[in-house]
Amino acid sequence: AVNEEIARRAAAGLIRQGAGVEILEEFDDRLHGYDADVFLEIHADSCQVDLTGFKVASQDGGSAASKRLTECLWDSYEQATGLDLEYVERWLPGIQ
């Protein structure tokens, strides 16, 4: 429920800026071969109480727009929450 609300708020902000946005489910059939300028994944990583922080992952070889959004999310989310950043850059299989 928390991740869905964050996704909706992020989508609304991007739409206000003129972006086309689709919210997909975790195991959405549309993910295979999905093509986008920016792919934003929001999820909870761990339920261990001693872990806090957040990750921002960008697609390996992704667009300049994706890289700019990643950097914006690092800065604004870290500043708004006070959480530490755990950066992970990885290739997302099936996403082109």
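Small disclaimer: the values here were computed from a predicted structure and weren't measured. (Residues numbered from 1 in each chain as written. Predicted model: local features only at pLDDT ≥ 70, side-chain atom pairs only at ≥ 80, totals over all residues. Heavy atoms only, no water.)

Draft legend 1. Representation of helix 1 (residues 2-16) in the model. An ideal rise of 1.5 Å per residue puts 21 Å on 15 residues; helix 1 measures up with 21 Å between its terminal C-alpha atoms. At the exit of helix 1 stands Gly18, carrying a positive phi of roughly 95°. (Helix = DSSP H or I, 4+ residues; strand = E, 2+ residues; numbered from the N terminus. Expected span 1.5 Å × (residues − 1).)

Draft legend 2. Here's a closer look at the pattern of salt bridges. Per the stated rule, a full pass over the model turns up four salt bridges. Of the charged contacts in the structure, one is a salt bridge between Arg9 and Glu5, with a shortest N-O distance of 2.9 Å. Note that Arg9 and Glu5 are positioned in helix 1 at a spacing of four residues, about one turn of the helix. The closest approach of N and O atoms between Glu22 and Arg30, which form a salt bridge, is 3.6 Å. Owing to a relative accessible area of 41%, Arg30 belongs among the partly exposed residues under this scheme. Bridged by salt links that share partners, the residues Glu22, Asp28 and Arg30 form one connected network. (Salt bridge = Lys/Arg side-chain N within 4 Å of Asp/Glu carboxyl O. Buried < 20%, exposed > 50% of the residue type's maximum accessible area, 1.4 Å probe, protein only.)

Draft legend 3. Representation of helix 2 (residues 64-81) within the structure. Its 18 residues place the ends of helix 2 26 Å apart at the C-alpha level, agreeing with the 26 Å of an ideal helix rising 1.5 Å per residue. All buried positions along helix 2 are accounted for by Ser66, Leu69 and Thr70. Each buried residue of helix 2 sits inside an arc of 105° when the element is viewed along its axis, so together they form one side. More than 90 degrees from the buried face of helix 2, the exposed residues found are Ala64, Arg68, Asp75 and Gln79. Packed against the buried residues of helix 2 are helix 1. (Arc of directions from axis to C-beta. Contact = heavy atoms within 4.5 Å.)

Draft legend 4. Region of the structure containing a negative patch on the surface. A surface patch of like charges, here negative, comprises Glu71, Asp75, Glu78 and Asp84. Looking at Asp84, the relative accessible area reads 56%, which means it is exposed. (Patch = residues over 30% accessible without salt bridge, like charges linked within 9 Å, V, L, I, M, F, W, Y side chains within 5 Å. Areas by Shrake-Rupley, 256 points an atom, 1.4 Å probe, with all protein chains shown as cover. Lys, Arg positive; Asp, Glu negative; His and termini not counted. Charge placed at Lys NZ, Arg CZ, Asp CG, Glu CD.)

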